[in-house]
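Survey of secondary and tertiary structure
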Amino acid sequence: MGAGGQRRGIQSWWFALRFSVLLSCVERVSAQIKYSVPEEAKVGSVVGNVAKDLGLDISSLGERRFRIVSGTKDAQFEVNQNNGVLYVHKNIDREELCESVSPCLINLKMVAENPMEIHYVGVEIMDVNDHSPSFQEEEKILEISESTLPGKRFQLPTAHDPDVVTNTVRLYKLNQNEYFSIQIRERGEDKIPFVVLQKALDREKNSEHRLILTAVDGGNPPRSGTLNVTVIVLDSNDNHPIFSQEVYSVTMPENVASDTSVITVKASDVDEGTNGEIEYFFGGQLDRKIYDMFSLDKDTGEIRVKGEIDYERVDVFKLDVHASDKGQPPMSTDCRVIIKVLDKNDNKPQIEVTSLSNMVSEDSKPGTVVSLISITDQDAGLNGKVICSLSENVPFDLKPSFQDNMYSLVLKQRLDRESVSHYDITITATDCGQPPLSTFKTLSIDVSDVNDNVPQFPHNPIDLYLVENNVPGNPIFSVTASDKDLNENAALTYHIVREDGGQGKITAFLNINSDNGQISALKSFDFEVLKTFQFQVVATDSGTPSLSSNVTVNVFILDQNDNAPVILYPVSSNGSAEGVEEIPRNVNAGHLVTKVRAYDADIGYNGWLLFSLQEVTDHSLFGLDRYTGQIRTLRSFTETDEAEHKLLILVKDNGNVSLSASATVVVKLVEPKEAFAASDVKSATKVDEEDNVTFYLMITLGSVSVLFIISIIVLIAMQCSKSTDYTSKYLQETNYDGTLCHSIQYRSGDKRYMLVGPRMSIGSTIVPGSHANTLVLPDRRRPSGEVRL
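From a predicted model like this one, the values you see are computed outputs, not experimental measurements.

**Describing the overall build of the protein chain**
The helix and strand tally for the protein chain stands at 6 helices and 53 strands. When contacts within the protein chain are restricted to residue pairs at least 6 apart in sequence, long-range pairs at least 24 apart make up 66% of them. Of the roughly 41500 Å² of accessible surface on the protein chain, 50% is carried by carbon and sulfur atoms.

Below is the structure:
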């Protein structure tokens with residue numbers, strides 16, 4: 001404030017005090033009065049009329065040497081002896097006189113002599129607001145930690161104002177800011193300013209705050225003084241590290257090499273010093289296996305591969321990485337690192353077969369589910385997409401399920417165990433990776449049998465050639481059927497069909513073993529009685545229901561050389577084969593003497609008779625035709641020849657073990673006249689004998705013809721009733737030329753057999769290894785079974 005302004009203020013105060021002194025009452029306490037005067041009143045300013053107030057005579061003041069003898073050092077006040085007025089002698093500075101004492105009272109001791117009077121006058125120096133508040137320091141520096149909680153108070157320096165009472169410091173003000181406010185605490189008469197933290201400090205935002213503290217006194221007008229307050233925010237570990245990303249995401253292929261860098265995480269801390277130094281480490285809540293897979297550099301935050309990365313085990317790794325500073329106490333933060341493993345096609349598809357049964361019935365319908373097949377591939381995407389297929393040429397198919405990689409192995413077509421009883425099905429699973437990987441699995445399926453096949457005989461009909469005179473009870477033949485089924489379905493039993501009638505009588509003498517089909521005859525068959533018959537054998541399996549089939553067995557009785565030749569001529573009256581022939585002595589060579597006639601009930605070679613001379617008196621005279629039995633002369637008789645000749649003729653068949661008979665012919669040579677007479681007698685006898693022979697031959701031929709006709713009828717009936725290629729025809733021929741011969745022909749399949757007597761047909765051939773009297777004539781018919789016993 002300027003000097004002119006201060007002076008105008010003092011004058012105004014002076015007039016006010018003066019006016020108040022005039023109005024106030026004078027205190028008279030031990031002759032003591034009291035005045036007040038403002039400080040810095042002008043020199044010469046009247047304080048009060050002491051003499052008047054004391055009741056002293058103004059005119060005698062000089063004489064009595066009325067004066068101030070004590071009170072102030074510098075004699076700020078003087079009294080005028082002329083008028084008794086107390087006035088300001090020197091400039092008054094209350095702060096100098098009383099400092100901070102209030103009120104500032106100066107006691108003046110005034111003396112008047114003659115008589116001695118001592119008066120005490122008190123002058124109160126009234127304070128004038130002539131000083132501004134001031135601080136001892138120009139700037140106050142406060143260091144406050146940023147971790148200081150709001151509400152914390154910090155004392156500031158107080159301002160000093162020499163003025164007192166109302167003119168001293170009345171209040172403090174702080175410049176407007178958001179962090180601090182001012183609070184004044186009174187300690188006695190002093191007012192102590194405090195700065196109060198209103199909001200938490202953040203060094204990282206503002207490391208320094210500049211405040212202005214203003215002290216204002218109570219004068220009018222008020223005076224003020226300022227103090228610059230600098231608040232330095234001290235760093236505290238109040239900032240945790242911050243990652244550049246809250247979530248890091250990275251991809252990497254599986255099977256990467258160890259120590260491969262995956263990713264580097266980075267965190268920053270705005271704190272200073274050790275509070276801002278960061279270390280990295282994995283979170284403690286991680287699976288322990290993670291520590292075997294990855295390593296983390298604690299200083300740089302780099303994550304590297306440590307173990308084997310397998311997509312099929314773990315396709316995503318979620319790592320928690322903590323970043324911690326080195327403050328006390330340390331602060332930390334974390335982030336999530338997501339490592340996605342990229343799949344490689346390194347796994348083959350896996351085939352899992354759940355078989356309902358490894359055996360399928362051959363009567364199963366198409367669509368029957370055989371097995372459930374599950375295909376798994378631990379790879380993902382196209383690497384895990386699998387295409388499944390079956391081997392070719394199998395009656396099965398893969399039917400996909402509503403679930404991926406699930407299939408049903410179903411029957412595609414009907415099965416036939418007899419054609420294929422076992423299937424090895426190769427299932428191929430191929431993924432769609434690059435390169436594709438494949439897996440193969442073989443599924444073995446057996447086809448179970450169903451009784452769907454009837455027993456089969458290898459030939460139907462079967463021709464059985466049975467040699468006559470078989471031993472009763474011995475096996476004569478075995479029939480065997482086969483069944484393509486298995487086990488019980490293929491277990492066969494045999495039986496003979498028993499029929500009523502002629503054939504039924506014959507089958508009564510036949511027995512069959514039901515297990516092996518061996519047929520036994522309970523009687524001995526005789527070719528000369530029965531030449532052929534037939535019967536049926538039924539083969540039945542043991543399935544459910546059972547199936548059966550039958551076969552017709554045509555039995556042909558083969559002739560055996562069991563009949564010796566019978567001499568029909570010559571026959572004597574006693575039944576012996578002896579005869580006498582008389583011939584003229586003059587016959588020429590080649591003359592027919594007689595003919596030996598014989599008969600053999602057998603046929604073929606067994607009935608083919610040969611004649612031979614066993615004994616003869618003269619071999620030069622007679623000759624015997626070995627086929628006809630005719631005896632002829634070889635030369636003319638002479639006179640020297642004997643008149644009687646005995647011929648022993650042996651008749652034998654051509655069987656393997658030939659049978660024979662002998663006849664004796666006695667030839668007598670007579671003169672011609674006697675011969676004629678004898679011939680007449682003999683001719684009559686011969687006619688009778690020939691009539692008998694003719695009768696026997698007719699009976700024999702009639703019997704054979706009847707049997708032949710019956711056989712033909714039976715065979716025709718069989719042909720009509722059964723669609724077989726079997727034909728049999730018997731032909732009997734009787735060539736009576738001194739020997740009764742038989743010729744029987746029959747056909748079986750593509751061969752035609754002929755059993756002949758002495759004369760064989762031209763163009764016939766003997767079958768090697770066959771019976772000696774069996775000829776084969778070619779025939780272009782379909783083959784049939786032939787059994788020869």
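After that view, the rundown keeps rolling.
**What to know about the nonpolar core**
Counting residues in hydrophobic clusters, the biggest one holds 29 residues, and the most contacted among them are Phe294, Val321 and Val337. Among the secondary structure elements, those contributing two or more residues to this core are strand 16 (247–253), strand 17 (261–264), strand 19 (278–282), helix 4 (288–293), strand 20 (294–296), strand 21 (302–305), strand 22 (316–325) and strand 23 (332–342). Those residues within four positions of Val337 in sequence are excluded, and the remaining contacts are Tyr248, Ile263, Val265, Ile303, Phe317, Lys318, Leu319 and Val321. Counting 27 residues, the second largest nonpolar core, distinct from the first, contains Val479, Ala481, Leu510 and Val555.

**Quick look at the pattern of salt bridges**
Inspection of every chain in the model, using the stated rule, returns 21 salt bridges. The partner of Arg65 in a salt bridge is Glu113, and the shortest N-O contact between them spans 3.9 Å. Here Arg65, found in the loop between helix 2 (50–54) and strand 3 (67–70), pairs with Glu113, found in the loop between strand 6 (104–112) and strand 7 (117–126); they are 48 residues apart in sequence, far enough to count as distant. Looking at Glu113, the relative accessible area reads 18%, which means it is buried. The salt bridge involving Lys191 is made with Glu186; its shortest N-O contact spans 3.8 Å. Residue class for Lys191 comes out partly exposed when judged on its relative accessible area of 21%.

**A short note on a nonpolar patch on the surface**
Taken together, the side chains of Met116, Ile118 and Tyr120 make up a nonpolar region of the molecular surface, amounting to roughly 290 Å² of accessible area. Secondary-structure assignment places Met116 in the loop between strand 6 and strand 7.

**A closer look at a positive patch on the surface**
Taken together, Lys152, Arg153, Arg185 and Arg187 make up a surface patch of like positive charges. Relative to the assigned elements, Lys152 resides in the loop between strand 8 (139–145) and strand 9 (153–155).

**Observations regarding the layout of surface pockets**
Taken as a whole, the second largest pocket holds about 530 Å³ of empty space. Lining the second largest pocket are 19 residues, with Asp161, Asp163, Thr168, Glu189 and Asp190 sitting closest to its centre. Looking at side-chain class alone, the lining of the second largest pocket contains 7 nonpolar, 6 polar and 6 charged residues.

**Structural notes on the sheet that holds strand 14 (residues 224–234)**
Across the sheet, 4 strands lie side by side as 8-14-13-10; this open sheet has mixed pairing. Two strands in the sheet have a free side with no partner beyond their single neighbour: strand 8 and strand 10 (169–174). Neighbour-to-neighbour, the strand axes of this sheet turn through a mean angle of 25 degrees, independent of strand direction. Here 5 bridges tie strand 10 to strand 13 (residues 208–217), and the two strands are oriented antiparallel to one another. Paired with Lys173 across the bridge in strand 13 is Thr214.

**As for the packing of aromatic side chains**
Aromatic ring pairs are defined here through the distance separating the ring centres and the angle between the ring planes. By the definition in use, this model includes 12 aromatic pairs. Through a chain of ring-to-ring contacts, three or more aromatic side chains come together here, namely Phe243, Tyr248 and Tyr280. Above the ring of Phe527, the side-chain terminus of Lys531 is found at 4.6 Å from the ring centroid. The ring of Tyr569 has Arg597 lying over it, and the distance from NZ or CZ to the ring centre is 5.6 Å.

**Here's the deal with the sheet that holds strand 17**
Each strand in a sheet pairs with its neighbour through backbone hydrogen bonds, running either in the same direction (parallel) or in the opposite one (antiparallel). The strand order across the open sheet formed by 3 strands is 17-21-20, and the pairing between neighbours is antiparallel. Bordering the open sheet on either side are strand 17 and strand 20, each of which pairs with just one other strand. Neighbour to neighbour, the strand axes of the sheet diverge by 20 degrees on average, direction disregarded. Here 3 bridges tie strand 17 to strand 21, and the two strands are oriented antiparallel to one another. In the sheet register, Ile263 faces strand 21, and the bridge partner there is Ile303.

**Details of the side chain of Asn453**
Within the element layout of this structure, Asn453 appears in the loop between strand 31 (438–448) and strand 32 (462–467). Since its relative accessible area comes to 18%, Asn453 is described here as buried. In this structure the side chain of Asn453 is engaged in a polar contact, spanning 2.7 Å, whose partner is the side chain of Asp452. Engagement of the side chain of Asn453 in a polar contact is seen with the side chain of Asp485, the distance being 3.0 Å. When near neighbours in sequence (up to four residues on either side) are disregarded, Asn453 contacts Glu418, Asp483, Lys484, Asp485, Asp541 and Leu547.

**Some remarks on the environment of Phe535**
Of note, Phe535 is situated in strand 37 (residues 532–541). Excluding its chain neighbours within four sequence positions, the residues that come into contact with Phe535 are Ile496, Thr507, Leu510, Ile519, Val551, Thr552, Val553 and Val555.

**Quick look at the confidence of the model for the protein chain**
Chain-level statistics for the protein chain give a pLDDT mean of 80 and a share of 83% at 70 or above. When pLDDT is averaged over each helix and strand of the protein chain, the minimum, 33, is found for strand 51 (residues 765–766) and the maximum, 94, for strand 21. Taken as a whole, residues 723–749 scores under 50 in pLDDT and shows 121 contacts with residues more than four places along the chain or in a different chain.

**Some remarks on the environment of Val305**
Mapped onto the fold, Val305 is located in strand 21. Look at Val305 and you get buried, because its relative accessible area is 2%. Sequence spacing of Val305 and Asp292 is 13 residues, and the spatial spacing of their C-alpha atoms is 9.0 Å. Contacts of Val305, omitting those with residues within four sequence positions, involve Met252, Val256, Ala257, Ser258, Asp259, Thr260, Val262, Met293 and Phe294.

**Concerning the environment of Val447**
Tracing the sequence through the fold places Val447 in strand 31. Between the C-alpha atom of Val447 and that of His422, which follows or precedes it by 25 residues, the distance is 5.9 Å.

Analysis parameters
Residues numbered from 1 in each chain as written. Predicted model: local features only at pLDDT ≥ 70, side-chain atom pairs only at ≥ 80, totals over all residues. Heavy atoms only, no water. Helix = DSSP H or I, 4+ residues; strand = E, 2+ residues; numbered from the N terminus. Contact = heavy atoms within 4.5 Å. Areas by Shrake-Rupley, 256 points an atom, 1.4 Å probe, with all protein chains shown as cover. Core = buried A, V, L, I, M, F, W, Y, C linked by side-chain atoms within 4.5 Å. Buried < 20%, exposed > 50% of the residue type's maximum accessible area, 1.4 Å probe, protein only. Salt bridge = Lys/Arg side-chain N within 4 Å of Asp/Glu carboxyl O. Patch = residues over 30% accessible without salt bridge, like charges linked within 9 Å, V, L, I, M, F, W, Y side chains within 5 Å. Lys, Arg positive; Asp, Glu negative; His and termini not counted. Charge placed at Lys NZ, Arg CZ, Asp CG, Glu CD. 1 Å grid on protein atoms, 1.4 Å probe; cavity = no way out; pocket = protein on both sides within 12 Å on 5 of 7 lines; lining within 4 Å. Points joined across faces, edges and corners; volume = space filled by probe spheres on them. Nonpolar A, V, L, I, M, F, W, Y, C, P; charged D, E, K, R; others polar. Pairing = 2+ DSSP bridges. Axes fitted to C-alpha atoms, helices over the stretch in contact; angles between N-to-C directions. Phe/Tyr/Trp six-rings, centres within 6.5 Å; stacked < 30°, edge-to-face > 60°. Lys NZ or Arg CZ within 6 Å of the ring centre and 35° of its normal. Polar contact = N/O pair within 3.5 Å; in protein donor to acceptor, adjacent residues only side chain to side chain. pLDDT = per-residue confidence, 0-100.

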